[in-house]
Amino acid sequence: MFEMKELPFEFSALEPYMSSKTLHFHYGKHYKAYLDKLNELIQDTDYADIPLEKIIKESYFRPTDKAIYNNAGQVWNHQFFWNSLSDSGAILPPTKFLKQIEDAFGSYDNFKKDFKAKALAQFGSGWCWVVQKEGKLNIVTTSNADSPISLNLGQPLVCLDVWEHAYYLDYQNRRADFIDAFLNHLIKW
Ligand code: FE2
């Protein structure tokens, strides 16, 4: 049985960039629903007593366990996302990553442009990640419940949820404005 991870900030702490209303729905309804469903699906199965990451990696290769994969993935992705959000303004990457960002993107501003372009280009529901693979930083997107850990894309460092439920109440169809708010006010490395 998995339990909900506590949000590392108050529901209203990210306003005006992410409203308390959005977080109440996102955390209390969407995230909770994935976690409740996962617990229901794994009960009395071989998945019942293994770590979440292992459930994701094993169910990925079993088409009959697609529902388990999707709900486990969404639980893991959301927990990673809660920890990619800062309640005290955008937090810049640690020095060791800043050097890698300059190597990979030229500058932090260029990194933000690339991240925004990729997050905007993700068609439909999904996620935008910064990953580190073989000492190199990269920006990747994944669809639905996929993640860098299931697709073996590298070690995730930070992520943005670009499912509509993450921003629709605050930004309606303006995903670009939501991405800007994340990069300029909410990102936590
Ligand atoms: Fe979400």
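The structure we're discussing is the one just above.
Just so it is clear, the model here is predicted, and its values are computed rather than measured.

1. A word on the coordination of the iron ion
Reasoning step 1: Binding of the iron ion to the protein goes through His-26 (NE2), His-78 (NE2), Asp-161 (OD) and His-165 (NE2), at separations of 1.9 to 2.1 Å.
Reasoning step 2: All donors of the iron ion belong to a single chain; written as a sequence motif, their spacing is H-x51-H-x82-D-x3-H. Pair noted here: His-26 is in helix 1 (residues 20-42) and Asp-161 is in strand 3 (residues 155-161), with a separation of 135 residues, a long-range link.

2. Some remarks on the nonpolar core
Reasoning step 1: Counting residues in each nonpolar core, the largest one holds 58 residues, and the members touching the most others are Leu-85, Phe-111, Phe-115, Phe-182 and Trp-189.
Reasoning step 2: With eight residues, the single largest contributor to this core is helix 3 (residues 66-82).
Reasoning step 3: With residues up to four places along the chain from it excluded, the contact list for Phe-182 reads Ser-84, Leu-85, Phe-115, Val-158, Cys-159, Leu-160 and Ile-187.

3. Quick notes on helix 3
Reasoning step 1: Taking 1.5 Å of rise per residue, the 17 residues of helix 3 would be expected to cover 24 Å, and the 24 Å separating its terminal C-alpha atoms lies within 8% of that figure.
Reasoning step 2: The buried fraction of helix 3 amounts to 14 of the 17 residues, a majority that puts the element mostly inside the structure.

4. What to know about the pairing of strand 2 (residues 136-143)
Reasoning step 1: One ladder, built from eight bridges, connects strand 1 (residues 126-133) with strand 2; its direction is antiparallel. Note on strand 2: the bridge partner recorded for Val-130 is Ile-139.
Reasoning step 2: Between strand 1 and strand 2, which pair antiparallel in sequence order, lie two residues; one of them, Glu-134, sits at a positive phi of approximately 50 degrees.

5. Focus on the side chain of Ser-150
Reasoning step 1: For Ser-150, the position within the fold is in helix 6 (residues 148-151).
Reasoning step 2: The buried category is assigned to Ser-150, whose relative accessible area is 8%.
Reasoning step 3: Within the structure, Ser-150 has its side chain in polar contact with the side chain of Tyr-69 (distance 2.7 Å).
Reasoning step 4: Excluding residues within four positions of it along the chain, Ser-150 makes contact with Ile-56, Tyr-60 and Tyr-69.

6. Let's talk about the packing of helix 5 (residues 108-121) against helix 8 (residues 175-186)
Reasoning step 1: Relative to each other, helix 5 and helix 8 sit at 145 degrees, their axes nearing to 10 Å. You can see that helix 5 and helix 8 cross each other, and the crossing is right-handed. Side by side, helix 5 and helix 8 meet where Phe-111, Lys-112, Phe-115, Lys-116, Ala-119 and Leu-120 of the first sit next to Arg-175, Ala-176, Ile-179, Asp-180, Phe-182, Leu-183 and Asn-184 of the second.
Reasoning step 2: Residue classes in the contact of helix 5 with helix 8 are distributed as eight nonpolar, one polar and four charged.

Cut-offs used in this document
Numbering of residues starts from 1 in each chain and follows the order in which that chain's sequence is written. Only residues with pLDDT of at least 70 get local features here, since the model is predicted, and only at 80 or more are side-chain atom pairs given and counted; chain-wide, interface and lining totals rely on the full set of residues. The basis for every side-chain value is the complete set of non-hydrogen atoms in the structure, without hydrogens or water. Distances up to 2.8 Å from the metal define which N, O and S atoms are donors, and 3.2 Å serves for Na, K and Ca; water is absent from the atom set, so sites may look incomplete. Only DSSP runs of H or I covering at least 4 residues are called helices, and only runs of E covering at least 2 are called strands; the numbering of each starts at the N terminus. Think of a nonpolar core as a cluster: buried Ala, Val, Leu, Ile, Met, Phe, Trp, Tyr and Cys residues, connected wherever their side-chain atoms sit within 4.5 Å. Here the term buried applies to any residue with accessible area under 20% of the maximum for its type, exposed to any over 50%, and partly exposed to those in between, with areas from a 1.4 Å probe on protein chains only. Between two residues, a contact is recorded if the distance between any of their heavy atoms is within 4.5 Å. Expected span, for any helix, means 1.5 Å times one less than how many residues it has. By definition, two strands form a pair when at least two bridges between them are found by DSSP. Two N or O atoms form a polar contact when they lie within 3.5 Å of each other; inside protein one atom must be a possible hydrogen donor and the other a possible acceptor, and for residues adjacent in sequence the pair counts only when both atoms belong to side chains. The axes are straight lines fitted to the C-alpha atoms, using for helices just the contacting stretch, and the angles between their N-to-C directions are given from 0 to 180°. A clockwise turn of the near helix away from the far one marks a right-handed crossing, whereas an anticlockwise turn of less than a right angle marks a left-handed crossing. Note that Gly is not counted as nonpolar here; it falls among the polar residues with everything else outside the nonpolar set of Ala, Val, Leu, Ile, Met, Phe, Trp, Tyr, Cys and Pro and the charged set of Asp, Glu, Lys and Arg.

Just geometry here; none of it tells us what the structure is for.
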